[in-house]
Amino acid sequence: MAKLFLLFAILPIAEIAILINVGELIGGWYTVAVVLLTAFVGARLVRQQGLSTLTQAQQKMQTGIMPGQEMAEGLLLVIAGVLLVTPGFITDILGLVLTLPITRPIIASNLLKRLIVKTVDPSFHNGFQPSPHSKQDSEDIIEGEFEHSESSATQSKLNDNLNKPE
């Protein structure tokens, strides 16, 4: 809960304070230009690194190796992209750290160490065990159509009442 408080309350306040201080030093329009420039450069860098990571993941999958590291790096690149297009200097620095090819693999490997990997039993289908009465196991299946007799009787009575003259 404390981490969420820091993320949603303290971080925006710190970002605003830094933007105001930088705006006083270099001017408001220059500050806006720097924020827009970091968003543009960051988006291009995330795109470039994302394509590189995707290529590495495809190469691993073709050799039959699970691209866990690349998947973690891809997740970090998505987070970095969001941070880089969010206005502010703190988020830009965090996004840049997640984007750089020097720091991203280290962070991704630490992330993978903390994750719990769950495997699925291949006998389960989509996480559910097949029904013991599946179509393949039972030949007692009868296909057909049915009609509710109460609704048909009620409907015919209504039709009879509507068609009777008073």
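Anything mentioned here points back to the structure above.
Below is a summary of the structure that appears in this document. What you see is a predicted model, and the numbers here were worked out from it, not measured in a lab.

### A closer look at the overall build of the chain
- Summing up its helical and strand segments, the chain has 6 helices and 0 strands in all.
- Within the chain, counting contacts between residues at least 6 apart in sequence, those at least 24 apart form 57% of the total.
- With the model as given, the accessible surface of the chain reaches about 13600 Å², and the carbon-plus-sulfur share is 66%.

### Observations concerning the pattern of salt bridges
- Throughout the structure, instances matching the rule amount to 2 salt bridges.
- A salt bridge links Glu70 to Lys60; its shortest N-O distance comes to 3.3 Å. Note that Glu70 is positioned in helix 3 (residues 68-85) and Lys60 in helix 2 (residues 28-62), a separation of 10 residues in sequence.

### Re a nonpolar patch on the surface
- Among the surface-exposed residues, Met1, Leu4, Leu7 and Phe8 lie close enough to one another that they form a single nonpolar patch of about 520 Å² accessible area.
- By the element assignment, Leu7 lies in helix 1 (residues 2-26).

### Looking at the packing of helix 3 against helix 4 (residues 89-99)
- Helix 4 packs onto helix 3 with a crossing angle of 155° between their chain directions and a minimal axis gap of 8 Å. When the axes of helix 3 and helix 4 are compared, the pair comes out roughly antiparallel. Read as a crossing pair, helix 3 and helix 4 show a hand that is left-handed. Two secondary-structure elements touch here, helix 3 through Leu76, Leu77, Ile79, Ala80, Leu83 and Leu84 and helix 4 through Thr91, Asp92, Leu94, Gly95, Leu96, Leu98 and Thr99.
- Classifying every residue of the contact of helix 3 with helix 4 gives 9 nonpolar, 3 polar and 1 charged.

### Considerations on the nonpolar core
- With 8 residues, the main nonpolar core is built from Val46, Ala72, Leu76, Ala80, Leu83, Leu84, Leu98 and Ala108.
- Among the elements that take part in this core, helix 3 stands out by supplying 5 residues, more than any other.

### Details of the packing of helix 3 against helix 5 (residues 104-114)
- Helix 5 packs onto helix 3 with a crossing angle of 110° between their chain directions and a minimal axis gap of 9 Å. In terms of axis orientation, helix 3 runs roughly perpendicular to helix 5. Once helix 3 is placed against helix 5, the crossing between them reads as right-handed. Between helix 3 and helix 5, the residues in contact are Gly68, Gln69, Ala72, Glu73, Leu75, Leu76 and Leu77 and Arg104, Pro105, Ile107, Ala108, Ser109, Leu111 and Leu112, respectively.
- By residue class, the composition of the contact of helix 3 with helix 5 is 9 nonpolar, 3 polar and 2 charged.

Calculation rules
- Residues numbered from 1 in each chain as written.
- Predicted model: local features only at pLDDT ≥ 70, side-chain atom pairs only at ≥ 80, totals over all residues.
- Heavy atoms only, no water.
- Helix = DSSP H or I, 4+ residues; strand = E, 2+ residues; numbered from the N terminus.
- Contact = heavy atoms within 4.5 Å.
- Areas by Shrake-Rupley, 256 points an atom, 1.4 Å probe, with all protein chains shown as cover.
- Salt bridge = Lys/Arg side-chain N within 4 Å of Asp/Glu carboxyl O.
- Patch = residues over 30% accessible without salt bridge, like charges linked within 9 Å, V, L, I, M, F, W, Y side chains within 5 Å.
- Axes fitted to C-alpha atoms, helices over the stretch in contact; angles between N-to-C directions.
- Parallel < 35°, antiparallel > 145°, perpendicular 65-115°, else oblique.
- Left-handed = near helix turned anticlockwise from the far one by under 90°.
- Nonpolar A, V, L, I, M, F, W, Y, C, P; charged D, E, K, R; others polar.
- Core = buried A, V, L, I, M, F, W, Y, C linked by side-chain atoms within 4.5 Å.
- Buried < 20%, exposed > 50% of the residue type's maximum accessible area, 1.4 Å probe, protein only.

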